[in-house]
Amino acid sequence: MKILVCISHVPDTTSKINFTEGDTKFDTNGVQFVINPNDEFGLTRAMWFKEKQGATVHVVNVGGPETEPTLRKALAIGADEAIRINTPATDGFSVAKQLASVAKEGGYDLVIGGRESIDYNGGMVPGMVAKLTGANFVNTCISLEVEGDKATAIREIDGGKETLKTSLPLVIGGQKGLVEESDLRIPNMRGIMQARTKPLTVKDPTDSNNETTTVAFEKPAPKGAVKLVDSVDELVNLLHNEAKVI
């Protein structure tokens with residue numbers, strides 16, 4: 001089985017976020033970047049398929065040279081090869097087209113992506129990749145088993161879970177639950193050294209035209225001051241007359 005894991009290069013959630021050029025550009029100064037958490041759950045599940053079923057695992061990223069340390073980390077975790085498509089990842093449809101091109105060219109049986117990235121939170125790329133490649137698709141996937149060319153997936157739905165049976169080729173949008181946080185892997189020294197010699201191929205984009213452009217960013221308004229109350233009656237009065245929630 002050939003598996004392609006889509007990796008987004010995103011800011012660590014502890015980073016302080018700022019914008020430049022009139023709030024039109026993200027300021028990367030002092031920001032630490034990591035593997036998108038939803039993608040990391042998918043990568044960890046792919047490693048399970050590699051170890052238990054002998055799968056081949058490739059990782060792919062759409063981005064510039066600054067994303068290569070993130071790909072090298074994925075290689076250190078255990079992926080066999082990495083691919084970087086040399087174009088900025090600023091438009092969901094453009095990213096999906098690049099990933100779909102790699103997926104079709106490589107003849108992958110399973111494409112694993114996160115259900116969304118924690119930077120743009122678009123939640124659109126895995127579904128678009130499935131459509132562009134003609135593969136089956138399961139979103140918000142929290143469990144995946146593959147036997148031959150058949151797959152059983154569990155996805156999260158409002159108020160519960162849904163179990164689906166489908167066939168390969170398959171694209172999933174994974175999230176927490178696909179593996180547990182305790183299963184996530186920290187690269188060891190041996191993995192880091194091996195990652196330096198594993199292939200990292202840079203490809204030119206098939207089509208770099210973006211369907212959307214960012215006009216401006218805006219940070220959330222700062223939280224208001226905390227108001228302390230001394231009695232239940234005062235609390236009820238504030239909730240009713242000031243907050244207007246009761």
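These remarks concern the structure in this document. All residue numbers refer to position in the chain's written sequence, counted from 1. A pLDDT threshold of at least 70 governs which residues receive local features in this predicted model, and a stricter bar of 80 or more applies before side-chain atom pairs are shown or counted, although totals over entire chains, interfaces and linings include all residues. The basis for every side-chain value is the complete set of heavy atoms in the structure, and neither hydrogens nor water enter the calculation.

### Some details on the environment of lysine 165
- Numbered from the N terminus, helices here are DSSP runs of H or I no shorter than four residues, and strands are runs of E no shorter than two. In this fold, lysine 165 is placed in strand β11 (residues 160–167).
- Sequence separation between lysine 165 and serine 117 is 48 residues, and the spatial gap between their C-alpha atoms is 26 Å.
- Those residues in contact with lysine 165 that lie beyond four places of it in its chain are Ala151 and Thr152.
- Of the polar contacts made by the side chain of lysine 165, one reaches the side chain of threonine 152; its length is 3.2 Å. Here, two residues are considered to be in contact whenever any of their heavy atoms come within 4.5 Å of each other. We call two N or O atoms a polar contact when they sit within 3.5 Å, provided that within protein one can donate a hydrogen and the other can accept it, with sequence-adjacent residues counted only if both atoms are side-chain atoms.

### Re helix α3 (residues 92–106)
- One less than the residue count of a helix, multiplied by 1.5 Å, gives the span that helix is expected to have. End to end, α3 covers 21 Å across 15 residues, agreeing with the expected 21 Å (1.5 Å per residue, within 8%).
- Each residue is assigned to one of three classes by its accessible area relative to the maximum for its type, calculated with a 1.4 Å probe on protein chains only: buried under 20%, partly exposed between the two thresholds, exposed over 50%. Those residues of α3 that sit buried are Gly92, Ser94, Val95, Ala96, Lys97, Gln98, Leu99, Ala100, Val102 and Ala103.
- For α3, the elements touching its buried residues are β1 (2–6), β6 (56–62), β7 (81–85), β8 (110–114), α4 (125–133) and β13 (200–203).
- Glycine 107 lies just past α3 and shows a positive phi near 60°.

### As for the nonpolar core
- Formed by 32 residues in total, the largest nonpolar core has its most connected members in Ile3, Val5, Val59, Leu144 and Ile172.
- For this core, the secondary-structure elements that each account for two or more residues are β1, α1 (37–53), β6, α2 (68–77), β8, β9 (136–147), β10 (150–157) and β12 (170–174).
- Per-element tally for this core: the top contributor is α2, with five residues.
- If we skip the residues at most four places from it in the chain, valine 5 touches Asp39, Gly42, Leu43, Ala46, Val57, His58, Val59, Val60 and Ile112.
- Side-chain atoms within 4.5 Å are what join buried Ala, Val, Leu, Ile, Met, Phe, Trp, Tyr and Cys residues into a set we call a nonpolar core. Counting 17 residues, the second largest nonpolar core, distinct from the first, contains Val62, Ile83, Tyr108 and Val129.

### Description of the sheet that holds β13
- Strand order across the open sheet formed by nine strands is β11-β10-β9-β12-β8-β1-β6-β7-β13, with mixed pairing between neighbours. Of all strands in the sheet, those with a lone pairing partner are β11 and β13, marking the two edges. Taking the axes of each pair of neighbouring strands and ignoring which way they run, one obtains an average angle of 30° across the sheet.
- We call two strands paired when DSSP finds no fewer than two bridges between them. Pairing geometry for β10 and β11, over eight bridges, is antiparallel. Bridge pairing in β11 places glutamate 156 opposite lysine 161.
- Where helices are involved, their axes are fitted lines through C-alpha atoms of the stretch in contact, as for all axes, and angles between N-to-C directions lie from 0 to 180°. Sheet strands touched by α3: β1, β6, β7, β8 and β13. Its angle to β6, the strand with the most contacts, is close to 155°.

### Brief notes about the packing of aromatic side chains
- Pairing of aromatic rings covers Phe, Tyr and Trp, the last counted by its six-membered ring, and requires centre-to-centre distances within 6.5 Å; plane angles under 30 degrees mean stacked, over 60 mean edge-to-face, and any other angle means tilted. Enumeration according to the criterion identifies four aromatic pairs in this entry.
- Aromatic pair phenylalanine 19 and phenylalanine 217: ring centres 4.7 Å apart, planes at 5°, arrangement stacked. In this pair, phenylalanine 19 sits in strand β3 (residues 19–20) while phenylalanine 217 sits in the loop between β13 and α6 (232–241), placing the two residues 198 residues apart along the sequence.
- Taken together, Phe19, Phe26, Phe33 and Phe217 form an aromatic cluster joined through their ring pairs.
- Against the face of tryptophan 48 rests arginine 45, its NZ or CZ located 4.2 Å from the ring centre.
- Over the ring of phenylalanine 49 we find arginine 45; its NZ or CZ atom is 5.0 Å from the centre of that ring. Placement of a positive charge over a ring is assigned whenever Lys NZ or Arg CZ falls within 6 Å of the ring centre and within 35 degrees of the normal to the ring plane.

### Regarding the environment of alanine 195
- The residue alanine 195 is located in helix α5 (residues 189–195) in this model.
- You can call alanine 195 buried: its relative accessible area is 2%.
- It is 27 Å that separates the C-alpha atoms of alanine 195 and valine 129, two residues lying 66 residues apart in sequence.
- Residues contacting alanine 195, with those up to four places away along its chain left out, are Arg72, Leu75 and Ala76.

### A few points about a nonpolar patch on the surface
- A cluster of nonpolar side chains, Val232, Val236, Val245 and Ile246, forms an exposed patch at the surface whose accessible area comes to about 380 Å².
- Turning to its location among the elements, valine 232 is positioned in helix α6. Patches in this entry comprise residues that are over 30% relatively accessible and not in a salt bridge; like charges within 9 Å are linked, as are nonpolar side chains (Val, Leu, Ile, Met, Phe, Trp, Tyr) within 5 Å. Using a 1.4 Å probe, accessible areas were evaluated by the Shrake-Rupley method; residue-level cover was limited to the displayed protein chains. Criterion for a salt bridge: a side-chain nitrogen of Lys or Arg within 4 Å of a carboxyl oxygen of Asp or Glu.

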